[in-house]
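Structural overview for review
For reference, the chains in residue letters:
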Amino acid sequence: MKVRLAGASGVVAVVSVLVVVSVLPGTVAASATPDLTPGPSYTVWAYGVVRTVSFSGASLDGYTFQVSATYGYTVILNQTNLTSTTFELFANRTMAAQLSVEYCLPNCAKPTATATVTHNAWEATASWANFTTAANVSENGQNVSAIGLLNSHTTVRGSLWDDAKGLVRTEFLSANVSANANVSFATPLGLLPDDLVAGTNWTDSSLFSASGSWEYDYHYLFVGPKGQIEIGPSTVTGDVQSSGNVSIAGSVAAGPGSTVTFGGIPYLNVSLAVTGPFVAREGFILIPDDINLFGTSTATPWGANDTGGATVQMTSLYVHAGASAHLGIGGSEWLYTSTAINPSVTSLVPSATGLSAFDGSDASSNEVGATPVQGVPISVDQASGYSSCLVGSGRCSTSPSGRPIVPGLFLGIIAVVVAAVVAVVLISERRRMPPPPYLNARLYPPGGTPPSPPPLDSSRAGARRPPPPEDDPLSNLW
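**Regarding the overall build of the protein**
Scanning the protein for helices and strands turns up two helices and 16 strands. Residues counted as buried form 55% of the 478 residues belonging to the protein. Considering only contacts within the protein whose residues lie at least 6 apart along the sequence, 76% involve residues at least 24 apart. A total accessible area of about 18,900 Å² is found for the protein, and carbon and sulfur atoms account for 58% of it.

Pasting the structure below:
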């Protein structure tokens, strides 16, 4: 995949749900790679979506249920070229799931008994990563030139709470998480081959060294006819796994599903599996498994007593493989799967010895819905607004299709003028004011403030932290 750059670079990265472990062959193929144009300029763009859905069904315990859910995520990317073969990417990402479930007996039209479950969870990450265009991947058994990840620093904050009310019992669970992780690879971890075309498959693997820490706190309260059980508040800390292996397995869909179109621009539908001791968001944002609020219930000590939940899996990331002024990611798609436990089931009694699985049968747990959520190009200002409402559990306006409502031309013109004025201020302040680690750092601080992000590898030529993202409402038209 050849990329033309003018003041900023253009490359691609992608993610999906496959789980494949592979090893990079020892030989390295000599292949041409695109040259970057280093300089002080940088490029900012964004994509994301907020979608509200409703569905209903019947559980095995005889109850019917109806569900209202809001899912969403936003990604703001800031790219700066460092040398002719390296660039730095700053990503600010927010993700949330808000779930409301009502159980009814015999039905919700004329119920004789009801129970409710409410679940809210959000995650905010800030990641600085260095990339090289001189990496390699194994494509159909041969080494080819590719874009690769050199190192990254990621900070994470997140929070969830559950509230369940049954006929004779109530439950409440809250948890806050935070982490910071520095990861460096022994050899560049190849993500995307240069010749990115439909029907391509590739693999790569690299050893890593890492440092950092994670922390979570939680509190659980169960009140029933025989009294109450309370666990916590408790705080647990740990260290990020210091070494190991990360593997990549990627592919580009073939046939009619190989591309999607946004604003008249075609994007390749790419899948990339990242296997290792990290959860990969957008293919390169590496989050420690220990604090993943959107994983399976067994991943955290409080998960077995969680009455509601949402897991996420990235199925596609959409990549513009043609010439552009920056990294060609234009959107992605995630599958949100929500589950709930009916708090009115009589056998639903937690263990008094600690957080453990419910003593109830499988009939009490229901998968209440699986929804694909597709993020599309949006303005940086709109992405910032979505981030705030997702973290704040507020109302995020969406179109009937679930896609974000793009501001009109008049608002766009005003935003351009405002952005031009703000740019002058930011340029004068960029040396004195590094970007905040989170767009939503002032909202809902969970369990203390994690350590400030350290500077990137100063030995890399031109390495520096990018300035705060500028609002460019026309950035999605590149």
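**A closer look at the pattern of salt bridges**
A side chain with one charge may pair with a side chain of the opposite charge, provided their charged atoms come close. Tallied over the full model, the rule gives three salt bridges. Between Lys165 and Asp163 there is a salt bridge whose closest N-O contact spans 2.7 Å.

**Here we look at the pairing of strand β15 (residues 329-341)**
Across the 13 residues of β15, eleven count as buried, placing the element largely inside the fold. Here strand β14 (residues 308-319) pairs with β15 via eleven bridges, running antiparallel. Each residue of the ladder has a partner; that of Gly309, found in β15, is Thr339.

**Examining helix α1 (residues 380-391)**
Over its twelve residues, α1 extends 17 Å from the first C-alpha to the last, a length consistent with the 16 Å expected when each residue adds 1.5 Å. Buried within α1 are the following residues: Val380, Gln382, Ala383, Tyr386, Ser387, Cys389, Leu390 and Val391.

**Looking at the state of the cysteines**
Within the structure shown, the criterion is met by one disulfide. Each sulfur of the disulfide joining Cys104 and Cys108 lies 2.0 Å from the other. Across the disulfide from Cys104 to Cys108, rotation about the S-S bond amounts to roughly 95°, and the bridge is consequently right-handed. Given the relative accessible area of 25%, Cys108 is considered partly exposed.

**Side note on the packing of aromatic side chains**
Taken as a whole, this structure holds eleven aromatic pairs when the rule is applied. Where Tyr73 meets Trp334, the ring centres are 6.2 Å apart and the plane angle is 65°; that geometry is what we call edge-to-face. Of this pair, Tyr73 sits in strand β2 (residues 64-81) while Trp334 sits in strand β15; the two residues are 261 residues apart in sequence, bridging distant segments of the chain. Per residue, the accessibility class of Tyr73 equals that of Trp334, and both read buried. A ring pair is formed by Trp214 and Tyr216, whose centres lie 5.4 Å apart and whose planes are at 10°; its orientation type is stacked. Residue classification places Trp214 among the buried positions, given a relative accessible area of 10%. Judged by its relative accessible area of 9%, Tyr216 is buried. Three or more aromatic residues joined by ring pairs make a cluster, and in this case those are Phe87, Phe131 and Phe284.

**So, the environment of Ala58**
Within the secondary structure, Ala58 is located in strand β1 (residues 43-58). Residues Ala58 and Asn107, 49 residues apart in the sequence, show an inter-C-alpha distance of 8.9 Å. Setting aside anything within four residues of it in sequence, one finds Ala58 in contact with Tyr63, Thr64 and Phe65.

**Quick look at unusual backbone geometry**
Negative phi is the rule for most residues except glycine; trans is the rule for most peptide bonds. The omega torsion of the bond from Leu105 to Pro106 falls at 0°, within 30 degrees of zero and hence cis. Looking at the element boundaries, Pro106 is found in the loop between β3 (86-105) and β4 (113-139). The omega torsion across Gly232 and Pro233 is 5°, close enough to zero to call that bond cis. By the element assignment, Pro233 lies in strand β8 (residues 227-239). In this structure, Asn140 takes a positive phi of about 55° despite not being glycine. A residue is classified by how much of its surface remains accessible, and Asn140, at 60% relative accessible area, is exposed. Not every positive phi belongs to a glycine, and Glu282 is a case in point at roughly 60°. Mapped onto the fold, Glu282 is located in the loop between β12 (278-281) and β13 (285-288).

**With respect to the side chain of Arg93**
Along the chain, Arg93 falls in strand β3. Residue classification places Arg93 among the buried residues on the basis of a relative accessible area of 1%. Ignoring any residue separated from it by four or fewer positions in sequence, one finds Arg93 in contact with Tyr73, Thr74, Val75, Glu123, Ala124, Thr125, Arg281, Glu282, Ile285 and Trp334.

**Section: the confidence of the model for the protein**
Across the protein, the average pLDDT comes to 74, with 68% of residues at 70 or higher. Between residues 1-33, whose pLDDT stays under 50, and residues either more than four places distant or in other chains, the model counts 122 contacts. Contacts for the low-pLDDT stretch residues 352-363, under 50 throughout, to residues beyond four places or in other chains number 29 contacts.

**Some words on the pairing of β8**
The sheet contact formed by strand β7 (residues 201-224) and β8 spans eleven bridges and is antiparallel. When the bridges of β8 are listed, Glu215 appears paired with Thr237. What sits between the antiparallel neighbours β7 and β8 is a turn of two residues.

Basis of the calculations
- Residues numbered from 1 in each chain as written.
- Predicted model: local features only at pLDDT ≥ 70, side-chain atom pairs only at ≥ 80, totals over all residues.
- Heavy atoms only, no water.
- Helix = DSSP H or I, 4+ residues; strand = E, 2+ residues; numbered from the N terminus.
- Buried < 20%, exposed > 50% of the residue type's maximum accessible area, 1.4 Å probe, protein only.
- Contact = heavy atoms within 4.5 Å.
- Areas by Shrake-Rupley, 256 points an atom, 1.4 Å probe, with all protein chains shown as cover.
- Salt bridge = Lys/Arg side-chain N within 4 Å of Asp/Glu carboxyl O.
- Pairing = 2+ DSSP bridges.
- Expected span 1.5 Å × (residues − 1).
- Disulfide = S-S within 2.5 Å.
- Phe/Tyr/Trp six-rings, centres within 6.5 Å; stacked < 30°, edge-to-face > 60°.
- pLDDT = per-residue confidence, 0-100.

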